[in-house]
Amino acid sequence: MLIAAMMVASVCANAQMFVKPMVGGTLATVTDNDEGKFKPGIVAGGEFGYFIADNFAVTAGALVSMQGTSNKDTDYYKDVSSTLTYLNIPLLANYYIIPGLAVKAGIQPGYMLSAKTKGKEYFDGKWEKYDHSGTDAYEKLDISIPLGASYEIGDFVIDARYNLGLTKIIDSEHAKSKNSVIMLTVGYKIPL
């Protein structure tokens, strides 16, 4: 038992763990939407990291992310915007090419917290506003693959990722739309 306790203490002493609060922006759209264009949003949360080796770390996070899409104007719709808010849990492997510069990939389950669509519809000879809130029309669980890179400047970390959606977001057998999100954040690395 003494040897086991000494081994655990040794591993904990050599382990490099950290937390990283982070905030930034997103540019999001959905696939399979010819009229869709990128919609800006915000992202905030944090990550916990553990260095397995000098050049390899794993991280797990919790990020609240504004996603969705904006549509181009048509003859019957204009100013259409959907805001989908998710709680995302990125699980990433981080490989450091050189000290401070890492490439990363992993898996990211997400849970839809809210959905809001607003815009104007041409009806009966005039434009009428509509505003709909609710997640009933959407799949609640979203799975994506985050791919990206980060660069550390002192304790600050600039992180750029692309989240490639794997699961459809609309609760319909005919819909094929998936999330497509570019994310840029700044974080502060706090060693533990």
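Everything numeric here is computed off the predicted structure, so don't read it as measured data.

Trainee: An account of the overall build of the protein chain is requested, with residue identities and associated values reported.
Mentor: Scanning the protein chain from N- to C-terminus turns up one helix and twelve strands. What you see for the protein chain is a C-alpha radius of gyration of 20 Å, clearly larger than the 16 Å of a compact globule of 192 residues, by over 25%. Projected onto its principal axes, the C-alpha positions of the protein chain cover 80 × 35 × 20 Å. Classification of the 192 residues of the protein chain by burial places 35% in the buried group. As displayed, the protein chain has an accessible area near 11,000 Å², and 65% of this comes from carbon and sulfur atoms. Where the 17 positive side-chain charges of the protein chain centre and where its 20 negative ones centre are 3 Å apart.

Trainee: Describe the packing of aromatic side chains, with residues and values.
Mentor: Applying the stated rule across the entire model yields four aromatic pairs. Between Phe 51 and Tyr 96, the aromatic rings sit 5.4 Å apart at their centres with planes inclined by 35°, giving tilted as the arrangement. With Phe 51 in strand β3 (residues 39-53) and Tyr 96 in strand β6 (residues 91-98), the pair connects residues that are 45 residues apart, well separated along the chain. The exposure class assigned to Phe 51 is buried, which follows from its relative accessible area of 11%. Under the relative-accessibility criterion, Tyr 96 is labelled buried at 11%. Here the aromatic cluster, defined as three or more aromatic residues joined through ring pairs, consists of Phe 18, Phe 51 and Tyr 96. The aromatic ring of Trp 127 is capped on one face by Lys 78, whose charged end is 4.6 Å from the ring centroid.

Trainee: Kindly report on the nonpolar core, identifying the contributing residues and their values.
Mentor: Core analysis: the biggest nonpolar cluster contains seven residues, these being Val 30, Leu 84, Tyr 86, Met 112, Ala 115, Tyr 138 and Ile 169. Going through the elements one at a time, β5 (77-88) and β7 (101-123) are the ones with two or more residues in this core. If sequence neighbours within four positions are ignored, Tyr 86 has contacts with Leu 63, Val 64, Ser 65, Gln 67, Gly 110, Tyr 111, Met 112, Leu 113, Asp 142, Ile 169 and Asn 179. Of all hydrophobic cores here, the second largest spans five residues; its members include Phe 18, Phe 51, Ala 57 and Tyr 96.

Trainee: Before we move on, could you go through the side chain of Ser 65 and cite the residues and values that matter?
Mentor: Its location among the elements puts Ser 65 in strand β4 (residues 56-71). Among the polar contacts listed, one links the side chain of Ser 65 to the side chain of Gln 67, at a separation of 3.1 Å.

Trainee: Which residues make up the environment of Phe 48, and what are the values?
Mentor: Mapped onto the elements of the fold, Phe 48 is located in strand β3. Taking the relative accessible area as the measure of exposure, Phe 48 reaches 37% and is therefore partly exposed. Phe 48 sits 22 residues away from Thr 26 along the chain, and the two C-alpha atoms are 21 Å apart. In this structure Phe 48 touches Met 17, Phe 18, Val 19, Val 58, Thr 59, Ala 60 and Leu 192, once residues within four positions along its chain are discounted.

Trainee: Help me get a handle on the pattern of salt bridges, residues and values and all.
Mentor: As enumerated under the stated definition, the model contains eight salt bridges in all. Put simply, Lys 116 and Asp 131 hold a salt bridge, and the shortest N to O gap is 4.0 Å. One end of the pair, Lys 116, is in strand β7; the other, Asp 131, is in strand β8 (residues 126-133), with 15 residues separating them in the sequence. What makes Asp 131 exposed here is its relative accessible area of 53%. For Glu 152, the salt bridge identified is with Lys 189, shortest N-O distance 3.0 Å. Here the residue Glu 152 occupies a position in strand β9 (residues 141-153), and Lys 189 occupies one in the loop between β11 (178-188) and β12 (190-191), the gap between them amounting to 37 residues. When salt bridges with common partners are traced through the structure, they connect Lys 20, Glu 47, Lys 104, Asp 159 and Arg 161 into a single cluster.

What counts and what doesn't
Residues numbered from 1 in each chain as written. Predicted model: local features only at pLDDT ≥ 70, side-chain atom pairs only at ≥ 80, totals over all residues. Heavy atoms only, no water. Helix = DSSP H or I, 4+ residues; strand = E, 2+ residues; numbered from the N terminus. Rg over C-alpha atoms; globule rule 2.2 N^0.38 Å. Buried < 20%, exposed > 50% of the residue type's maximum accessible area, 1.4 Å probe, protein only. Areas by Shrake-Rupley, 256 points an atom, 1.4 Å probe, with all protein chains shown as cover. Lys, Arg positive; Asp, Glu negative; His and termini not counted. Charge placed at Lys NZ, Arg CZ, Asp CG, Glu CD. Phe/Tyr/Trp six-rings, centres within 6.5 Å; stacked < 30°, edge-to-face > 60°. Lys NZ or Arg CZ within 6 Å of the ring centre and 35° of its normal. Core = buried A, V, L, I, M, F, W, Y, C linked by side-chain atoms within 4.5 Å. Contact = heavy atoms within 4.5 Å. Polar contact = N/O pair within 3.5 Å; in protein donor to acceptor, adjacent residues only side chain to side chain. Salt bridge = Lys/Arg side-chain N within 4 Å of Asp/Glu carboxyl O.

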